[in-house]
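Structural overview for review
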Amino acid sequence: MTIYRMTSPDAAQAEALGELLRQLSPALPIPPAGEWARIAAAPNTALFVAEENERPVGMLSLAWYDVPSGRKAWIEDVVVDGPSRSRGIGSALLERALEQAARLGATSVLLTSNPARIAARALYRKRGFTEYETTLFRLRYNEP
């Protein structure tokens, strides 16, 4: 398995990433290839991909931003292909993202996880994440 920061996905990689995103949430719209390239090239975003046999089997997005309380990093869109789960791929992706966040000087790394994702939540706890005493609010624009 290889984990790397994707910077310019080709059409086949974009399609494979779209298939992974469907596993995360079938209701999410799949970005076209050009959008994957824009996301991967964004200056405050890292798209980490786990590959086996030249095929993406997992991905994770890390975004960071600066505010008066310090540099924050968010982990989003963590997904491992169903048949490849329970083999340490999610852990390796998470490790790579946390290393990047530390290099960037993040004062905290945040993420959300659906309570139904038991294995993912166990992984986050194992890596030192704790449930934060807050409620996340969301305002959605342009609902499909």
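Quick caveat, the model's predicted, so the values are computed rather than measured.

As a further point, take the side chain of Q13. In this fold, Q13 is placed in helix α1 (residues 11-24). Of the polar contacts made by the side chain of Q13, one reaches the side chain of Y4; its length is 3.4 Å. Contacts of Q13, omitting those with residues within four sequence positions, involve Y4, M6, S8 and E51.

To continue, consider the sheet that holds strand β5 (residues 108-110). With mixed pairing, 5 strands are arranged side by side in an open sheet as β1-β2-β3-β4-β5. Only two strands of the sheet have a single partner each, and these edge strands are β1 (2-6) and β5. Across the sheet, the mean angle separating the axes of adjacent strands is 25° when strand polarity is ignored. Strands β1, β2 (45-52) and β3 (55-67) of the sheet are contacted by helix α2 (residues 33-41), whose axis makes an angle of about 115° with β2.

In this section: unusual backbone geometry. Look at N53: it is not a glycine, yet its phi comes out positive at around 50°. Along the chain, N53 turns up in the loop between β2 and β3. Backbone geometry at S86 places phi at a positive 65°, although glycine is not the residue there. In this fold, S86 is placed in the loop between β4 (70-80) and α3 (89-103). Taking the relative accessible area as the measure of exposure, S86 reaches 83% and is therefore exposed.

Checked against the element boundaries, T112 lands in the loop between β5 and α4 (118-126). Sequence separation between T112 and Q13 is 99 residues, and the spatial gap between their C-alpha atoms is 26 Å. For T112, the residues in contact, after removing those within four places along its chain, are W74 and L136.

With 22 residues, the main nonpolar core has F48, L60, L62, I75, L93, L94 and Y124 as its most contacted residues. Only β2, β3, β4, α3 and α4 provide two or more residues apiece to this core. Per-element accounting of this core gives the leading share, 6 residues, to α3. Not counting chain neighbours up to four residues away, the residues in contact with L60 comprise A46, L47, F48, I75, E76, D77, V78, L93, L94 and A97. A14, L21, V49 and M59 belong to the second-largest nonpolar core, a separate cluster that totals 11 residues.

Note that L24 resides in helix α1. Apart from residues lying up to four places away in sequence, L24 is in contact with D77, V78, V79 and R117.

Here is what the cut-offs are and how they apply
- Residues numbered from 1 in each chain as written.
- Predicted model: local features only at pLDDT ≥ 70, side-chain atom pairs only at ≥ 80, totals over all residues.
- Heavy atoms only, no water.
- Helix = DSSP H or I, 4+ residues; strand = E, 2+ residues; numbered from the N terminus.
- Polar contact = N/O pair within 3.5 Å; in protein donor to acceptor, adjacent residues only side chain to side chain.
- Contact = heavy atoms within 4.5 Å.
- Pairing = 2+ DSSP bridges.
- Axes fitted to C-alpha atoms, helices over the stretch in contact; angles between N-to-C directions.
- Buried < 20%, exposed > 50% of the residue type's maximum accessible area, 1.4 Å probe, protein only.
- Core = buried A, V, L, I, M, F, W, Y, C linked by side-chain atoms within 4.5 Å.

These figures come from the coordinates and say nothing about function on their own.
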